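# Observations on the three-dimensional arrangement
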Amino acid sequence: MGCAPCNGGDLRPLDILLEVVPTSGVRSGIRMLQVQGARGFQFSASARHALSFPASQIFLYCDLFPEEFSIIITLRILSIPPKKNEYIFTVMKEESNTVLVGLRYSLNKLHFLFWSRELANGWQTQVTFQGISLTDNQWHTLVLAVSGQFFSLTVDCSIPIDVVVDTPFPASLAVKGSRFYVGSRRRRKGLFTGLLRQLVLLPGSDATSRMCTNMNYKLAVLSIPPVLQDLPGKPASNEVLKYPYEADMKVTLGSRPPCTKNEKSQFWFNASRKGLYLCDGSAWVAMLEVKERLDYVEEYQNLMTNSETMGIEIFVIPKVGVFAATANRYTPPGSAIYKWIDGKFLFYQNIPTYQAQSWRYFTIGKKIFLAVANFEQNERGQEFSVIYKWSHRTEKFFPYQRIATHSARDWEAFDIEGEAFLAVANHREGDNHNINSVIYRWNTRTGLFEANQTIPTSGAYDWEFFTVGPYSFLVVANTFNGTSTKIDSHIYIWLDGSFQLFQSILTFGAADWEVFCIGDRIFLTVANSHSYDSGTVVPNNYYAINSSIYELNITAQMFVKFQDLLTYSALDWEFFSVGEDYFLVVANSFDGFTFSVNSIIYRWQGYEGFVAVHRLPTFGCRDWEAFHTTAGSYLIYSSAKEPLSKVLKLKTV
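For every chain, the first residue of the written sequence is number 1, and numbering continues from 1 onward in sequence order. pLDDT decides what is reported in this predicted model: residues at 70 or higher carry local features, side-chain atom pairs at 80 or more are listed and counted, and totals for whole chains, interfaces and linings draw on all residues regardless. The basis for every side-chain value is the complete set of non-hydrogen atoms in the structure, without hydrogens or water.

Let me state the cut-off plainly: UniProt positions are given in the numbering used here, feature names are shortened, and annotations may be inferred rather than shown by experiment.
As recorded in an unreviewed UniProt entry, the protein goes by Thrombospondin type laminin G domain and EAR repeats and comes from Chelydra serpentina. Looking at the Subcellular location (unreviewed entry) heading of the UniProt record, one finds this comment for the protein: "Cell projection, Stereocilium".

This is the structure we're talking about:
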């Protein structure tokens, strides 16, 4: 009989996972878990033979594997040891150990396997996709499209990774007498240990365009078993519970117990917070929880700093602790790093800086860095900003790379397609504010940052990087062009290996951009510091001015104004959440008469937008940072007018 139907473009998706998990109930050896709002299956080694079915069960009209197809997988992987492989699925001959088609992953790699008698002398061909990081304990959706010699992998609807190999996928791969195995290659070794939610074969089509149609890319669905779609209903009093995760359940009471692989799938009930938590093998994940609500803000710690502080960076070094780096005005004594010890920040390390404006913490692989933006020259008349690297041996930062900058205000660190970048906001050179700011790319061979692109800016004060689906953006806060603060700030989009202009927004002495998401909505808010134009009539107050919130309009492909908020020489915005509530806090620094100005916390109230809820007395407020410890949630603000920063505690109910 003819085999044309095998590659028919209109064939239905073939739900491989549904074939091994019947709708009548879950088989022994399969556990269904719900994590991060989505459910998937976890398999045991004892079930590997049951998790299989003959290929003829889905290839009804033809015994050839499709020549062109897509494979869609949604999975969640906790971790995988180096040099270990785990199989997502295989197609194997029943009478041999030959893998006809298979998909397996190892640390940061995904491997697609196929066997071709004619074109590869009977050897198995392996197509490897490098730099695929899946072991982050998050859900991910992968689309692998295959057509001849061309193999394309899309992870969470990001930019596809394309691989071309010498051996094409065979046009006539016979699967008669073979079986599909889900989560294994029929052996105990290589068993899939994560959660699997979706495994679909779509013949004759690249499924990427069908999958990437909404904002929830990590959980995009083409076809999943019905039992994973809805929460199971409450059984009748005489009905036996079907699902192992409902019946085989252990609940621990009392203080927080350990959560390791030994406690995986166990529950903990926290009576004080009225919350039920599930251990996923490394951390307790909230299943049911009474959400906290912000009640009020109280003063918690007065942090005396070396001098006035232009910016603060809060960061966490794994297994070491929580730190705060203050960008201080004067040298000596320079800037300082503080460590959170016994519920407060204590001095940890001093670093020589030159009118430091800000710090930026970032990592590249296992390397930990801290970059300072210096505004003035050093003792030798040289103007450098410096990148410091963390020493795991001494547990201190040491100078790593100096970069020539011009009155630098800010660093922004980000990754695009697996490559690391740094962008510096050069404010002025002498009296000239219209100069280039620079984007640097990390050279993996030399281990240094090298200039990659220059972008014209006008008194640049801040860079903010963000992503929308597979697209990367960088927005600059332009403050002053030499005659006016009423100038455009620009949003750039990464296209064809460089940033290109996407949109211009009129701003007034822009000092900061903050990007944040509420649900599927994406917002961008600017801190306007003052309105000045040498060619116009002097206003009553340069500093009492609206700062604006913009929302991304997907249809129009641009940011449109959402809300104006009256601010007083605003220099910073910080977005944070408490429970299910979202907040913005603004750094009001000067009202035209005094630096003693209230900074405001605004709460998101849906249709009303952001509404003022707390007024916090501040003096020359320059920067806000939100952070969390096991003891609670906090805000810290820096003062550009006195050597004192304040830590405030968020009191909740």
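### A few points about the overall build of the protein
To be explicit about the condition: Secondary structure counts use DSSP, requiring at least four H or I residues in a row for a helix and at least two E residues in a row for a strand, with both numbered from the N terminus. We compute the radius of gyration over the C-alpha atoms and compare it with the globule rule, which gives 2.2 Å times the number of residues raised to the power 0.38. Only four residue types enter the tally: Lys and Arg on the positive side, Asp and Glu on the negative side; His and the chain ends are excluded. Where a charge lies is defined by one atom per residue type, namely NZ (Lys), CZ (Arg), CG (Asp) and CD (Glu).
Assigned secondary structure in the protein consists of three helices and 48 strands. On C-alpha atoms alone, the protein measures out to a radius of gyration of 28 Å, which is about the 26 Å that the 2.2 N^0.38 rule sets for 653 residues. For the protein, the spread of C-alpha atoms along the principal axes amounts to about 85 × 60 × 50 Å. Averaging the positions of the 58 positive and the 60 negative side-chain charges in the protein gives two centres separated by 10 Å.

### Here we look at the pattern of salt bridges
Heads up, the rule is: Note on definitions: salt bridges are taken to be side-chain nitrogens of Lys or Arg within 4 Å of carboxyl oxygens of Asp or Glu.
On inspection of all chains with the given rule, the structure shows eleven salt bridges. The residue R293 makes a salt bridge to D581 at a minimum N-O spacing of 3.3 Å. On the criterion of sequence distance, the pair formed by R293 in the loop between β20 (284–288) and β21 (294–304) and D581 in strand β43 (residues 581–588) is long-range, its members being 288 residues apart. Here K651 and E298 are joined by a salt bridge, their closest N and O atoms 3.9 Å apart. Here K651, found in strand β48 (residues 644–652), pairs with E298, found in strand β21; they are 353 residues apart in sequence, far enough to count as distant. What you see here is one network of salt bridges that share partners, running through E313, R360, D410 and E412.

### Topic: the environment of E580
Filter applied, for reference: Any pair of residues with heavy atoms lying within 4.5 Å of one another is described as a contacting pair.
Along the chain, E580 turns up in the loop between β42 (570–578) and β43. Residues within four places of E580 in sequence aside, it is in contact with K291 and E292.

### Some details on the sheet that holds strand β40 (residues 544–553)
In any sheet, the strands associate via hydrogen bonds between backbone groups, in a parallel or an antiparallel arrangement. Formally: When DSSP locates at least two bridges between a pair of strands, those strands are taken to pair. Note on definitions: angles span 0 to 180 degrees between N-to-C directions of axes, and those axes are lines fitted to C-alpha atoms, for helices only across the stretch in contact.
Pairing within the open sheet is antiparallel, and its four strands lie in the order β38-β39-β40-β41. Strands at the two margins of the open sheet, each flanked by one partner only, are β38 (510–518) and β41 (558–568). Between one strand axis and the next, the sheet turns through 20° on average, direction left out of account. Bridge count for β38 against strand β39 (residues 521–528) is eight bridges, and the pairing is antiparallel. For V515, the partnering residue across the bridge sits in β39 and is L524.

### Here we look at the pairing of strand β34 (residues 460–468)
Using the following cut-off: Exposure categories follow from relative accessible area, calculated using a 1.4 Å probe and restricted to protein chains: below 20% of the type maximum is buried, above 50% is exposed, and the middle band is partly exposed.
Taken across its nine residues, β34 has eight buried, putting it largely inside the fold. Counting the residues that bridge the hairpin from β34 to strand β35 (residues 471–478) gives two residues, and of these G469 lies at a positive phi of roughly 60°.

### Topic: the packing of aromatic side chains
Pairs of aromatic rings are described using the distance from one ring centre to the other and the angle between the two planes. Short version of the rule: Pairing of aromatic side chains requires ring centres within 6.5 Å, counting the rings of Phe and Tyr and the six-membered ring of Trp. Pairs whose planes differ by under 30 degrees are stacked, by over 60 edge-to-face, and all others tilted. To sit over a ring, a charge needs its Lys NZ or Arg CZ within 6 Å of the ring centre and within 35 degrees of the ring normal.
Under the definition given, this model contains 65 aromatic pairs. With a centroid separation of 5.1 Å and an interplanar angle of 5°, the aromatic rings of F53 and F180 are classed as stacked. Taken together, the positions of F53 in strand β4 (residues 52–54) and F180 in strand β15 (residues 178–182) put the pair 127 residues apart, joining distant regions of the chain. No difference in accessibility class separates F53 from F180, as the two residues are buried. An angle of 80° between the planes, with centres 5.1 Å apart, marks the rings of F65 and F69 as edge-to-face. When its relative accessible area of 1% is taken as the criterion, F69 is described as buried. Taken together, the aromatic side chains of F53, F59, F65, F69, F89, F112, F114, F151, F169 and F180 make up a single cluster linked through ring pairs. Across the ring face of Y348, the terminal group of K396 is positioned such that the distance to the ring centre comes to 5.4 Å.

### Focus on the state of the cysteines
Applicable threshold: Cysteine sulfur atoms are paired as a disulfide whenever they come within 2.5 Å of each other.
Within this structure, the stated rule accounts for one disulfide. C259 shares a disulfide with C279; S-S distance 2.1 Å. Torsion about the S-S bond of the C259 and C279 cystine: about 95°, corresponding to right-handed handedness. Residue C259 is found in the loop between β17 (251–253) and β18 (267–270), and its partner C279 is found in strand β19 (residues 275–279); the two are separated by 20 residues along the sequence. Of the two residues, C259 and C279, both sit in the buried class. In this model C517 remains outside any disulfide bridge; the closest cysteine sulfur is found in C157, 16 Å from its own. Residue classification places C517 among the partly exposed residues on the basis of a relative accessible area of 44%.

### Quick word on unusual backbone geometry
Cis geometry marks the peptide bond from T331 to P332, where omega comes out at -15°. Residue placement: P332 occurs in the loop between β23 (321–328) and β24 (335–341). The amide bond that connects P332 to the next residue, P333, takes the cis arrangement and shows omega of 10°. Relative to the elements of secondary structure, P333 occurs in the loop between β23 and β24. You will see that N108, though not glycine, has its phi angle at about 65°, which is positive. Mapped onto the fold, N108 is located in the loop between β8 (99–106) and β9 (109–115). Located in the positive-phi region is S407, a residue other than glycine, with phi close to 45°. Within the element layout of this structure, S407 appears in the loop between β29 (396–404) and β30 (408–416).

### Thoughts on the environment of K344
Along the chain, K344 falls in strand β25 (residues 344–351). Put simply, K344 and V647 are 303 residues apart on the chain and 8.7 Å apart in space, counted from C-alpha to C-alpha. Not counting the four nearest positions on each side in its chain, K344 is found in contact with Q301 and K339.

### Considering the sheet that holds β18
Spatially, four strands are ordered β17-β18-β19-β20 in an open sheet, and the strand pairing comes out mixed. Both outer strands of the open sheet, β17 and β20, are each paired with one neighbouring strand and no more. In this sheet, adjacent strand axes meet at a mean angle of 35° when their direction is disregarded. The pairing of β17 with β18 spans three bridges and is parallel. Pairing of V251 across the sheet is with F267, part of β18.

### So, the confidence of the model for the protein
To keep things clear, this is the line we draw: Residue-level confidence of the predictor is what pLDDT reports, using numbers from 0 through 100.
A residue-level look at the protein finds 91% of positions with pLDDT of 70 or above and a mean pLDDT of 89. Here residues 231–248 is modelled with pLDDT under 50, and outside its nearest four sequence neighbours on either side it reaches 21 contacts, counting other chains as well.

### What about the nonpolar core?
We count it as follows: Only buried residues count toward a nonpolar core, which is a set of Ala, Val, Leu, Ile, Met, Phe, Trp, Tyr and Cys residues joined through side-chain atoms within 4.5 Å.
Counting 56 residues, the largest nonpolar core has F65, I88, F112, F169, F180, L196 and L199 as the members making the most contacts within it. If you look at the next biggest cluster of nonpolar residues, it comprises 20 residues, including Y461, A477, A510 and A511.

### A look at the environment of E292
Stated precisely, the cut-off is as follows: Whenever a nitrogen or oxygen atom comes within 3.5 Å of another N or O atom, the pair is scored as a polar contact, on the condition that within protein one atom can donate a hydrogen and the other can accept it, and that pairs from neighbouring residues in sequence are kept only if both atoms are in side chains.
Residue placement: E292 occurs in the loop between β20 and β21. For E292, a relative accessible area of 30% puts it in the partly exposed group. Each C-alpha atom of the pair E292 and P333 lies 41 Å from the other, and the pair is 41 residues apart in sequence. Among the polar contacts made by the side chain of E292, one reaches the side chain of T652 at a distance of 3.1 Å.

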